[in-house]
Amino acid sequence: MDDRLRVFLTVSECRSFSKAAERLPMSQPAVTQCIKSIERDLDVQLFDRSHRTVRLTRAGDIVLAYAEQMDRLDRQMRSVLQEMTTGISGLFSVGASFTYGEYVLPRVLAAFRLKHAEVLPSVTIGNSQKVEQLLHDGKLDLGIIEADPKLAGLAQYTLFSDRLYVVRSGELDQSRERGHKAHALPEETWLVREAGSGTRQVFDAWQSESLVTPHRLIELGSTQAIKEGVAAGLGIAILSELSIQDELRQGTFRIADVKGFPRVRNFTMLSAENTFEPMVVKAYRDFTMAWGHPVIHALHETSDKEGEV
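This report concerns the structure included in the present document. Remember, it's a predicted structure, so these values are computed and weren't measured experimentally. (Residues numbered from 1 in each chain as written. Predicted model: local features only at pLDDT ≥ 70, side-chain atom pairs only at ≥ 80, totals over all residues. Heavy atoms only, no water.)

## Notes on the layout of surface pockets
The calculated volume of the largest pocket comes to roughly 600 Å³. Lining the largest pocket we find 23 residues, and of these Leu9, Glu13, Asp71, Arg75 and Lys139 sit closest to its centre. Counting only elements with at least two residues in the lining of the largest pocket, the list comes to helix H1 (3-14), helix H4 (58-86), strand S3 (90-96) and strand S4 (119-125). When its residues are assigned to classes, the lining of the largest pocket shows eight nonpolar, six polar and nine charged. Two domains each put at least three residues into the lining of the largest pocket: domain 1 (3-71) and domain 2 (82-157 + 266-305). (1 Å grid on protein atoms, 1.4 Å probe; cavity = no way out; pocket = protein on both sides within 12 Å on 5 of 7 lines; lining within 4 Å. Points joined across faces, edges and corners; volume = space filled by probe spheres on them. Helix = DSSP H or I, 4+ residues; strand = E, 2+ residues; numbered from the N terminus. Nonpolar A, V, L, I, M, F, W, Y, C, P; charged D, E, K, R; others polar. Domains from an automatic or database assignment.)

If you want it as structure tokens, here you go:
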């Protein structure tokens, strides 16, 4: 790939010539010269420099779309060439929603790299909507989400089922326990994820079906932030069983008896349809598909260790 396009991609991401120069690393005048060289060759202006931060022009947006495709193809080519001599190796990118990304993905990647030490994964964690969009835009090789897929052109593979519970702080007095009573649910403070999250999708569906309208919602941007809020007594929340195993064992959380829960959803792996797939991407997808349910997998690991002499 043309080094000038790499400079262009970095400036586009940083929205700053000076920050791009620091990241590359190269001098700011050299970065400016690269951009001017591309502009001369294409006879267009790529950036609007009249503001405090540089902005892509309409022509710049078009060049960016093609440059990202060229970068992706370049990485795929290098990965395939490397596989010819070293087997499954090289770079690949995977995105995951917060629950899967925080509580499952690190263990799967670690196990995969035990088999394929030359693999270097690039990981993006975001809500389901963001991960699906990045994959659709060609910025990821694989994505794992917990919401229903919305975009066309993506192949879907069901990984495993997940159960969600309404939980509250285990530190609260029994006399203050109200979350399990249907008439008191609207009075509770609910800690919820932002729109676009798979867990928020579950909350919205339950709210619509149960005709319960909570008076107080507090949006938090990650599963971990919600867990901290529940533990502190800030409110109650819907959380995946994957994320609350330790807290339930330790008594930090208690499950509230709410009609309609636990709810079951699926984690889904996505990949782009009808696109070339390097061997490392296929190998990781197959490995993840065979991994099984993380809770059951953890029980098997514990059992194996206890049986060791």
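## Quick notes on the packing of H1 against helix H3 (residues 28-42)
Contact pair H1 / H3: the axes reach a minimum separation of 9 Å and the direction vectors enclose 110°. Here H1 lies roughly perpendicular to H3, going by the angle between them. In this structure, H1 contributes Arg4, Leu5, Val7, Phe8 and Val11 to the contact, and H3 contributes Val31, Cys34, Ile35, Ser37, Ile38 and Asp41. (Axes fitted to C-alpha atoms, helices over the stretch in contact; angles between N-to-C directions. Parallel < 35°, antiparallel > 145°, perpendicular 65-115°, else oblique. Contact = heavy atoms within 4.5 Å.)

## Details of the nonpolar core
Among the nonpolar cores identified, the biggest contains 24 residues, and Phe92, Tyr100, Ile144 and Tyr284 are the most heavily contacted of them. Element by element, the count of residues in this core is highest for helix H11 (residues 279-291), at six residues. The contact partners of tyrosine 100, leaving out residues within four places of it in the chain, are Leu105, Val108, Ile144, Glu146, Leu159, Phe160, Phe267 and Thr288. Judged by nonpolar contacts, the second largest core, of 20 residues, contains Val31, Cys34, Leu64 and Ala67. (Core = buried A, V, L, I, M, F, W, Y, C linked by side-chain atoms within 4.5 Å. Buried < 20%, exposed > 50% of the residue type's maximum accessible area, 1.4 Å probe, protein only.)

Distances and angles like these do not, on their own, reveal function.
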